[in-house]
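# Structural features, examined
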Amino acid sequence: MKSNDRLQHFELTEVKHLKVHGRTTGNLSPLTLFWTGSALELNVQGSELWLEVESRYELYESWISVLVNGVPVSRQMLAEGRNWICLFRGMNPLKATNVRIVKEVQAMSADPGCVLQMHAVRTDGEFLPVRERPRKIEFIGDSITSGEGAIGARQEEDWIPMWFSAIQNYTFLTAAALDAEYRVISQSGWGVMTSWDNNPHGNIPDYYEQVCGLLTGETNRELGAANLHDFSSWQPDVIVVNLGSNDGGAFRTPAWKDPVTGQVHKQRLNDDGSFNEDDLAAFERAAERFLDKLRDNNAKAWIVWAYGMLGSPMMPAIYRAVDRYVHRTGDRKVSIFQLPDTTQATMGARSHPGESSHRRAAEALSDYLEGII
């Protein structure tokens, strides 16, 4: 690491002013970032800043973006191992510089060895308090919310971390428009009741109350991914649920057979191509149960079910589920918002919404949320 001789070394536990974004265990020695959009934010009055990061993986490497004074200035794949990276050099030492280091890639449930950690910083300056944003938003979703395909050429079809982005993403853009701190709980291919391939274990609600329980492997367990999340530590003003796309897709994909029990799972279509009523009702019950779980853990949040960026075949079922929940509980702080559909012109990589689609969604959603919060 080539840098000036005035740099001082600080373990993260020694930094008086820092801000951690995203669900974590609270441990700073080191700080493990689990979910997409998770970040470390610092205000530094100095000319230079370095960060010691550690990246491990078996299949899917980590990527990060660096924002300086709110603007993305770099995006990079992290080399495996423990390394120092320069966040900025040559800045005016008399001015405070805001830096946010953002995890670009979702929690990789298919790679038990994928870990991103931050250990220490070096700077020639001093740390200043980070501004607290006046609002808090939690986003829950699937590949759209993970930013799959939000970056990259339209013809890209490889399922690799390079095509994920937490920055070119409606979650980041909506939060920025509303001056909100935000968190993301998302996983590509997962749904309310099943994943896209009819696997009933691929559902977000089963893991919502853990720090990042969908991660597998002994390493993640030791890091506390399966620990119960402390909801009292961070209460959102709004929860945005963008789920249903994969549940709808499961009706049109082959059955999934449990390799342990041999049980076969399939969301069925009728002979005329319509959704089987019993299976659709099962989805609606799962959605209603998830609303119960969200309210149990977030007493004051407004819950918005936002859906539609890749078509909206499940919208009638979502309306029925929300309507039944509201009538049963009397909870009036729940609503539905239809997001703008992705067009050929706004499509990104891997047949997913591109950046322009995410921007359209963020504009519409932030306008709607402004009226709520």
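Definitions and cut-offs
Residues numbered from 1 in each chain as written. Predicted model: local features only at pLDDT ≥ 70, side-chain atom pairs only at ≥ 80, totals over all residues. Heavy atoms only, no water. Phe/Tyr/Trp six-rings, centres within 6.5 Å; stacked < 30°, edge-to-face > 60°. Helix = DSSP H or I, 4+ residues; strand = E, 2+ residues; numbered from the N terminus. Buried < 20%, exposed > 50% of the residue type's maximum accessible area, 1.4 Å probe, protein only. Pairing = 2+ DSSP bridges. Axes fitted to C-alpha atoms, helices over the stretch in contact; angles between N-to-C directions. Expected span 1.5 Å × (residues − 1). Arc of directions from axis to C-beta. Contact = heavy atoms within 4.5 Å. Parallel < 35°, antiparallel > 145°, perpendicular 65-115°, else oblique. Left-handed = near helix turned anticlockwise from the far one by under 90°. Nonpolar A, V, L, I, M, F, W, Y, C, P; charged D, E, K, R; others polar.

Counted under the stated rule, the structure contains 10 aromatic pairs. Ring geometry for Phe-139 and Tyr-170: centres 5.6 Å apart, planes at 90 degrees, overall edge-to-face. One end of the pair, Phe-139, is in strand 12 (residues 135–141); the other, Tyr-170, is in helix 2 (residues 170–177), and 31 residues separate them in sequence. For Tyr-170, a relative accessible area of 0% puts it in the buried group. With a centroid separation of 5.8 Å and an interplanar angle of 85 degrees, the aromatic rings of Tyr-208 and Phe-290 are classed as edge-to-face.

The subject of this paragraph is the sheet that holds strand 13 (residues 180–186). One open sheet accounts for 5 strands, arranged 13-12-14-17-18; its pairing is parallel. Each edge of the open sheet is held by one strand with a lone partner, namely strand 13 and strand 18 (334–338). Here the average twist between neighbouring strands, direction ignored, is 20 degrees. Bridge analysis of strand 12 against strand 13 gives 7 bridges, and the strand direction is parallel.

A few words now on helix 2. Most of helix 2 sits inside the fold, with 6 of its 8 residues counted as buried. Taken residue by residue, helix 2 has Tyr-170, Thr-171, Phe-172, Leu-173, Thr-174 and Ala-175 as its buried positions. Two residues or fewer after helix 2 comes Asp-179, characterised by a positive phi angle close to 50 degrees.

Attention now moves to the pairing of strand 12. Along any regular strand, the residues point their side chains to alternate faces of the sheet. Counting buried positions along strand 12 yields 6 of 7 residues, so the element is predominantly enclosed. Of the strand pairs in this sheet, strand 12 and strand 14 (residues 238–242) are connected by 5 bridges, and their pairing is parallel. Looking at strand 14, one finds that Glu-138 is bridged to Ile-239.

The next subject is the pairing of strand 13. Within strand 13, 7 of the 7 residues are buried, which leaves it mostly tucked inside the rest of the structure. Burial of the side chains of strand 13 extends over both faces: Ala-180, Tyr-182, Val-184 and Ser-186 are buried on one face and Glu-181, Arg-183 and Ile-185 on the other.

With 15 residues, helix 6 (residues 315–329) should cover 21 Å at 1.5 Å per step; its first-to-last C-alpha distance of 21 Å lies within 8% of that length. All of the buried residues along helix 6 are Met-315, Ala-317, Ile-318, Ala-321, Val-322, Tyr-325 and Val-326. The buried residues of helix 6 all sit within an arc of 165 degrees when viewed along its axis, so they share a single face. Positioned one or two residues after helix 6, Gly-330 has a phi angle of 75 degrees, which is positive.

What follows deals with the environment of Thr-346. Looking at the secondary structure, you find Thr-346 in the loop between strand 18 and helix 7 (355–370). Exposure remark for Thr-346: the relative accessible area of 10% places this residue in the buried category. For the pair Thr-346 and Ser-357, spaced 11 residues apart in sequence, the C-alpha to C-alpha distance is 5.1 Å. Discounting chain neighbours no more than four positions away, the residues touching Thr-346 are Pro-353, Gly-354, Ser-356, Ser-357 and Arg-360.

A few words now on the packing of helix 5 (residues 277–297) against helix 6. Axes are the key here: two packed helices are described by the angle between their axes and the distance separating the axes. It is at 9 Å that the axes of helix 5 and helix 6 come closest, and there the two elements cross at 50 degrees. Judged by the inter-axis angle, helix 5 sits oblique to helix 6. Where helix 5 crosses over helix 6, the handedness of that crossing is right-handed. Contacts from Leu-280, Phe-283, Glu-284, Ala-287, Glu-288, Leu-291, Asp-292 and Arg-295 in helix 5 reach Ala-317, Ile-318, Arg-320, Ala-321, Val-322, Arg-324, Tyr-325, Arg-328 and Thr-329 in helix 6. Of the residues in the contact of helix 5 with helix 6, the class split is 9 nonpolar, 1 polar and 7 charged.

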